[in-house]
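# Report on the structure
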Amino acid sequence: MDHFQYRDRTLFCEDVPVPEIAAEFGTPVFVYSKATLVHHLKSIQDAFAEARPVIAYSVKTNGNLSICKLMAEYGSGFDVTSGGELYRALKAGGPNAKTVFAGVGKSEAEMRYGLQSNVMLFNVESEEELFELGRVAASMGRKAPVALRVNPDLPPKTHAKTDTSVKGVKFGLDIEGVLDVSAKAVGHPGLAIVGLHLHLGSPILKSEPYAAGAAKAVQLIEAFRKQGHDIRYLNMGGGFGIHYRKQEALPATAFAEVILPAVRATGCQLVLEPGRFIVGNAGVLVSRVLFNKDTGGKHYVIQDAAMNDLVRPTLYDSFHRVWPVNPAAGVPEYPDDFEAAIPGTVVQDVVGPVCESGDYLAKARHLPLMARGDLVAVFSAGAYGMSMSSNYNSRCRAAEVLVDGTSCRLIRRRELYEDLVAAEVDC
Ligand SMILES: *Cc1c(COP(=O)(O)O)cnc(C)c1O
């Protein structure tokens, strides 16, 4: 469910016509729907209500301050993976008691920052990290609250670059060795092992991996408790998939169905770290066509958004639905199936101005021919779009706009050339 709909062959975000946003704020521009964001957060809160979970919105997914503030306002905490993300969470007024600090490579400064900020949990991913965190915490007269992140060694679930729970990836402690590590931490003056953390990968379109992970978690929690650790938190991470192609994603209730039994069995407080599920379908990237070009039997539409704005197609071979903001009569207003041959269309690649052959947003798509100046919508671009953007080719980052009903406001201004050199001019 989202609030991007066509009315009379014009794309609207809630009650605002997208062409008006493009005219006011320029292109490329990320447009987010508040109602969609809130709807997705609430659907997780409702599905897991029985467990009264701590929802820790994954800041890396989309860290815009206004979006983080909205998350906090609607009861979410934060999952952060760096000092910079913790800074964002704190700036957004995030409740520290609901903030979890993840990441395989925390620096000492980041550990201190997390301890000073009284984060709820550190997700710890290696033995060295665990005892370094213990040393840093003890030196501050503190005990670090820790959830051990375990790699449950499950079958492949998603793209190789985004699967985090198969054997041999850098994430988590090996499930076979984790009890030896936790045994060494019993009675440590700087460590309180209070939780277990799993993050399986992303995006996941089935519930089975969560069922398998949760079953392993129940056994591990029992074993940790036998060692004397007071385990109070079960953190099942994020990774819930969304609609990228059509209606392929599961509702939050499907994940709740397989995760809640583990919560009941362990009596733990549940923590979840959703990102994509909340913000992915709540954003579109809007661009404007610059040129058309035919070469080597291929048709290219060159528009002003590029891999530096949305790198997922380049990085993960990801599929994003792409369609004109104002589809002409003669093509569907919005196709049911973007992978089928669509009447009235021509097969084309949607590319940007960046100097890389890998710079594309969509490949070999059935799209109507578009003219210079036409607006293009790239759907499901709210997650890992702006947050993975870069200044490559010294391109200014796009503007971000948040729509709420009939109103919209800028939540990040388009970057200026001066921003590009701001950290360099005084050197
Ligand atoms: C990336 C990440 C998430 C969020 O994943 P989504 O697929 O966006 O829900 C949650 N937890 C951890 C540890 C992550 O690395």
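Quick summary incoming for the structure in this document. (Residues numbered from 1 in each chain as written. Predicted model: local features only at pLDDT ≥ 70, side-chain atom pairs only at ≥ 80, totals over all residues. Heavy atoms only, no water.)

## What to know about the pairing of strand E5 (residues 54-58)
Stated precisely, the cut-off is as follows: Partly exposed describes any residue whose relative accessible area lies between the buried limit of under 20% and the exposed limit of over 50%, with all areas from a 1.4 Å probe on protein chains only and scaled to the type maximum. The numbering of helices and of strands both runs from the N terminus, where a helix is a DSSP run of H or I of at least 4 residues and a strand a run of E of at least 2. Paired strands are those between which DSSP finds at least two bridges. By convention a crossover is right-handed if, when the strands point away from the viewer, the path from the first strand over the helix to the second runs clockwise.
By the criterion of burial, E5 is predominantly enclosed, with five of the five residues buried. Alternating positions in E5 separate into two faces, Val54, Ala56 and Ser58 on one and Ile55 and Tyr57 on the other, with burial throughout. Bridge count for E5 against strand E13 (residues 269-272) is two bridges, and the pairing is parallel. Directly across from Ile55, in E13, lies its bridge partner Leu272. Relative to strand E6 (residues 77-80), E5 is paired through three bridges, and the arrangement is parallel. Each bridged residue has a counterpart across the sheet, and for Ser58 the counterpart in E6 is Asp79. In this fold, E5 hands off to helix H3 (residues 65-73), which returns the chain to E6; that crossover is right-handed.

## Notes on the environment of Lys157
Short version of the rule: Any two residues whose heavy atoms approach within 4.5 Å are treated as being in contact.
With respect to the element layout, Lys157 can be found in the loop between strand E9 (144-151) and strand E10 (173-174). The spacing of Lys157 and Ala49 is 108 residues in sequence and 27 Å in space, taken between C-alpha atoms. Every residue in contact with Lys157, bar those within four places of it in the chain, is listed here: Asp163, Ser165, Val166, Leu200, Ile204 and Pro209.

## Some words on helix H9 (residues 252-266)
Cut-off, in case you're wondering: Here the expected length of a helix is defined as 1.5 Å per residue gap, with one fewer gap than residues. Fitting axes to the seven residues ending at a residue and to the seven starting there, one defines the bend at that residue as the angle between these axes.
An ideal rise of 1.5 Å per residue puts 21 Å on 15 residues; H9 measures up with 21 Å between its terminal C-alpha atoms. In the structure, H9 departs most strongly from a straight axis at Val258, where the bend amounts to approximately 35° and where the proline Pro261 lies between one and four residues downstream. Each element contacted by the buried residues of H9 is listed here: helix H2 (34-47), helix H8 (208-226), strand E12 (233-235), E13 and helix H10 (276-279). Following H9 by one or two positions, Gly267 adopts a phi angle in the positive range, close to 70°.

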